[in-house]
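# Structural overview
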Amino acid sequence: MKLITAIIQEDKLDDVREALIAAEIGRITVTRVDGHGQQQTTEIYRGLVVVPNLIPKVEVKIAVNDAFVDTAVDTILAAARHGADGKPGDGKIFIAPLEECIRISTGERGGEGI
Amino acid sequence: MKKSKRAAIWAVFATLMCLVGTVHAADGSPEIDTGTTAWMLTSTTLVLLMVPGLAMFYGGLVRTKNVLGTMMHSFAAMAIIGVLWMVCGYSMAFGPNVLGGWCGWNPDYFMLKGIDTTILDSGIPEYVFAMFQGKFAIIAPALIAGAFAERIKFRGYCIFIVLWSLLVYNPLCHWVWASDGFLFKQGAIDFAGGTVIHISAGSAALVGALYLGARRGYPKTAMHPNNLVMTLVGAGFLWVGWFGFNAGSSVESGLKTAQALTATQIAAASGALSWMILEGLLHKKVSSLGFVSGVLAGLVSITPAAGDVLPWGALVLGAVGAVFCYYAIELKNKLGYDDTLDVFGIHGVAAIWGAIGLVFFLRPGAGSGSFWGQLWVQTEGSIISLVYSGVMTLIILIVVDKFFGLRLSEADEKAGMDHSLHSERGYGMLNLNS
């Protein structure tokens, strides 16, 4: 089992979410986060163009069985990029081993619980 | 000693000034009625308060990513129609008939350049009347925006409301409220704008929703309101502002004003209560969104009738209006078109009910003649507003769409209006340091 953590741009959330559902990965957890990266985004504040020091992003967490890791990663890569070639700031994907997974309602563990 | 002498001179001077004023008034130009003027200034302010109220009401109902884009629809109307009304709107709506009575025109009203010292017969400066009416012109197109919510380009929307105000609102306003408008002359009762504002905006909203098509994912995907607290506060502003809207439409500070204010309060309360009871019976739970929908249904229902029905009539108009709106929204859900914030379902339906239903509750002496005659005039006015606004809206939408574009691209709609149209975010505090 793996825990996939994808940090993506906010405006790509719907794209990523819908693509994951289309790839039959429907169990995700989404959080608003802020961070530093390569991206230098600008915002407009009362007509002044400003560069924020922390940039808001969305974090998508997905626990998957090993067989689904590649599907999940490919799906996120395709959906979270801006333009065909991607841009700095499109985000990152982290994959970590997942020791245990327990479904609260039934108590199922491991691959069954995912 | 010296001081008192100076005071005496001032007193004589002041008396002379008063005499001059009286003489002037005797010339035929009406005198300012300070009581009426004070109330009309207050009403003007109250009606303007409804626009930010509407922005909050609508803003809270959309998804987080569209909150600013949606609120900007109402605020943009304050700027765009605020200027347009001063330039030519007031002239088109309240000038004498031109173009066969399609609209009015008075060169003195153009840029409001000729009314600097005009006092109306009702005892208020014409500026007050022009500004009061201007607030109505602002809120009508802002209402329509609820049907376009979450999927319209800002530029397309701005151009749409300019054309809609010029080609739909100003002529309708002229027909119903100007002293030589053809519906006014037939004796149509539209006390505070049921036909002019709510039916026309509702009809335009229905056409707009059908023309633009549904939002992506509607109705399959759940689209939750981002902030119902803000919606409730906005509804509160609307209820309070509506006293200016309805009671101010008496253009006096007297009996009629009190009658209109009382009817407004009763209908708002009975509309909300009726919706609460309906939801309680049907769903065993009363929702806050249902409550405010009932408030609006009641307020819209009483708008055409406010000054002309008795309190028990207001009670029935509000309560039944809420039931009609409830089932109109049910019907919309069955039909599946995406009138996002139910502009037709609330404003259109309640205003048609109010405009026609008022005939049953008229206070003795109100209305122009027989029951059937009045019923026909009311129905005719509603149909004219519904059809004229619907047809003109469709033409305007097609033209704006062709030259400027209306519907957001799929990518922009997914990203949300705040990001794609305004490069801003509504709720910065949800993030740590942005």
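Quick caveat: nothing in here was measured; it's all calculated off a predicted structure.

Rules behind the numbers
Residues numbered from 1 in each chain as written. Chains lettered and ligands numbered in written order. Predicted model: local features only at pLDDT ≥ 70, side-chain atom pairs only at ≥ 80, totals over all residues. Heavy atoms only, no water. Helix = DSSP H or I, 4+ residues; strand = E, 2+ residues; numbered from the N terminus. Buried < 20%, exposed > 50% of the residue type's maximum accessible area, 1.4 Å probe, protein only. Contact = heavy atoms within 4.5 Å. Areas by Shrake-Rupley, 256 points an atom, 1.4 Å probe, with all protein chains shown as cover. Lys, Arg positive; Asp, Glu negative; His and termini not counted. Charge placed at Lys NZ, Arg CZ, Asp CG, Glu CD. Patch = residues over 30% accessible without salt bridge, like charges linked within 9 Å, V, L, I, M, F, W, Y side chains within 5 Å. Salt bridge = Lys/Arg side-chain N within 4 Å of Asp/Glu carboxyl O. Polar contact = N/O pair within 3.5 Å; in protein donor to acceptor, adjacent residues only side chain to side chain. 1 Å grid on protein atoms, 1.4 Å probe; cavity = no way out; pocket = protein on both sides within 12 Å on 5 of 7 lines; lining within 4 Å. Points joined across faces, edges and corners; volume = space filled by probe spheres on them. Nonpolar A, V, L, I, M, F, W, Y, C, P; charged D, E, K, R; others polar. Phe/Tyr/Trp six-rings, centres within 6.5 Å; stacked < 30°, edge-to-face > 60°. Axes fitted to C-alpha atoms, helices over the stretch in contact; angles between N-to-C directions. Left-handed = near helix turned anticlockwise from the far one by under 90°. Pairing = 2+ DSSP bridges. pLDDT = per-residue confidence, 0-100. Core = buried A, V, L, I, M, F, W, Y, C linked by side-chain atoms within 4.5 Å.

Attention now goes to the overall build of chain A. Helix and strand content of chain A: two helices and six strands. When the 114 residues of chain A are sorted by exposure, 36% land in the buried category. Pairs at least 24 apart in sequence give 72% of the contacts found in chain A among residues at least 6 apart. Accessible surface, chain A as shown: approximately 7,000 Å² in total, 53% of it carbon and sulfur. Seen as two clouds, the 13 positive and the 18 negative side-chain charges of chain A have centres 4 Å apart.

This part takes up a nonpolar patch on the surface. Taken together, the side chains of Ile383(B), Val387(B), Val391(B), Ile395(B), Val399(B), Phe403(B) and Phe404(B) make up a nonpolar region of the molecular surface, amounting to roughly 630 Å² of accessible area. Following the sequence through the fold, Val391(B) ends up in helix H13 (residues 371-403).

Quick look at the environment of Lys61(A) now. All names here are of chain A. Locating Lys-61 in the fold gives a position in strand E5 (residues 55-64). Each C-alpha atom of the pair Lys-61 and Gly-91 lies 13 Å from the other, and the pair is 30 residues apart in sequence. Among residues more than four places away in sequence, those in contact with Lys-61 are Leu-3, Ile-4, Thr-5, Arg-27, Ile-28 and Thr-29. A polar side-chain atom of Lys-61 sits 3.1 Å from a polar atom in the side chain of Glu-59.

Bringing the layout of surface pockets into the picture now. Of the volumes computed, that of the largest pocket is approximately 1,500 Å³. What lines the largest pocket is a set of 44 residues, and nearest its centre among them are Glu10(A), Asp11(A), Leu13(A), Lys65(B) and Ala415(B). When contributions to the lining of the largest pocket are tallied by element, the ones reaching two or more residues are helix H1 (13-22), strand E2 (29-35), strand E3 (43-45) and E5 of chain A together with helix H14 (410-415) and helix H15 (417-422) of chain B. It is H1(A) that contributes the most residues to the lining of the largest pocket, five residues altogether. Here the residues of the lining of the largest pocket sort into 13 nonpolar, 13 polar and 18 charged. A volume near 790 Å³ is recorded for the second largest pocket. Lining the second largest pocket are 32 residues, with Leu289(B), Ile329(B), Lys332(B), Thr340(B) and Asp342(B) sitting closest to its centre.

Two descriptors summarise a pair of aromatic rings, namely the distance from one centre to the other and the angle between the planes of the rings. Residue and element names in this part refer to chain B. Applying the stated rule across the entire model yields 22 aromatic pairs over all chains. Consider the rings of Trp-242 and Phe-245, whose centres lie 5.4 Å apart with planes at 50°: the pair is tilted. With Trp-242 and Phe-245 both in helix H8 (residues 228-247) and three residues apart, the pair spans about one turn of that helix. By relative accessible area, which is 1% here, Phe-245 ends up buried.

Topologically, His347(B) is positioned in helix H12 (residues 343-357). Judged by relative accessible area, which is 4%, His347(B) ranks as buried.

Glancing now at the packing of helix H7 (residues 194-212) of chain B against H12(B). Residues and elements named next belong to chain B. Taken N-terminus to C-terminus, the directions of H7 and H12 make an angle of 145°; their axes are 8 Å apart at the nearest point. Where H7 crosses over H12, the two elements pack in a sense that is left-handed. For the pair formed by H7 and H12, the contact residues are Gly-194, Thr-195, His-198, Ile-199, Ala-201, Gly-202, Ser-203, Ala-205 and Leu-206 on the first element and Val-343, Phe-344, His-347, Gly-348, Ala-351, Ile-352 and Ala-355 on the second.

Attention now goes to the sheet that holds E2(A). Residues and elements named next belong to chain A. One open sheet accounts for four strands, arranged E2-E5-E1-E6; its pairing is antiparallel. Looking at strand neighbours, the two that pair on one side only are E2 and strand E6 (91-97), the edges of this open sheet. Across the sheet, the mean angle from the axis of one strand to that of its neighbour is 25°, orientation sign disregarded. Pairing geometry for strand E1 (residues 2-8) and E5, over seven bridges, is antiparallel. The residue of E5 that forms the bridge with Ile-7 is Glu-59.

As a further point, take the confidence of the model for chain B. All names here are of chain B. With 92% of its residues at a pLDDT of at least 70, chain B reaches an overall mean of 91. Residue range residues 12-26 is modelled with pLDDT below 50. Its contacts to residues more than four positions away, or to other chains, number two contacts. As a predicted assembly, this complex carries a pTM of 0.87 together with an ipTM value of 0.72.

Now for the pattern of salt bridges. Opposite charge on two side chains makes pairing possible when the charged atoms of those side chains draw close. Residues and elements named next belong to chain B. All chains considered together, the criterion is met by 20 salt bridges over all chains. Close ionic contact of Arg-215 with Asp-338 constitutes a salt bridge, the shortest N to O distance being 2.9 Å. Taken together, the residues Arg-215 in the loop between H7 and H8 and Asp-338 in the loop between helix H11 (311-335) and H12 connect sequence positions 123 residues apart. Measuring nitrogen to oxygen at the nearest pair gives 3.7 Å for the salt bridge that ties Glu-410 to Arg-216. Residue Glu-410 is found in helix H14, and its partner Arg-216 is found in the loop between H7 and H8; the two are separated by 194 residues along the sequence.

A general feature of soluble globular proteins is that nonpolar side chains tend to end up buried together. All names here are of chain B. Grouped together as the largest cluster of nonpolar side chains are 123 residues, with contacts concentrated most on Tyr-169 and Ile-197. At 15 residues, the largest contribution of residues to this core is made by helix H4 (residues 126-148). If sequence neighbours within four positions are ignored, Ile-197 has contacts with Phe-136, Ile-139, Ala-140, Leu-143, Tyr-169, Trp-177, Ala-192 and Phe-245.

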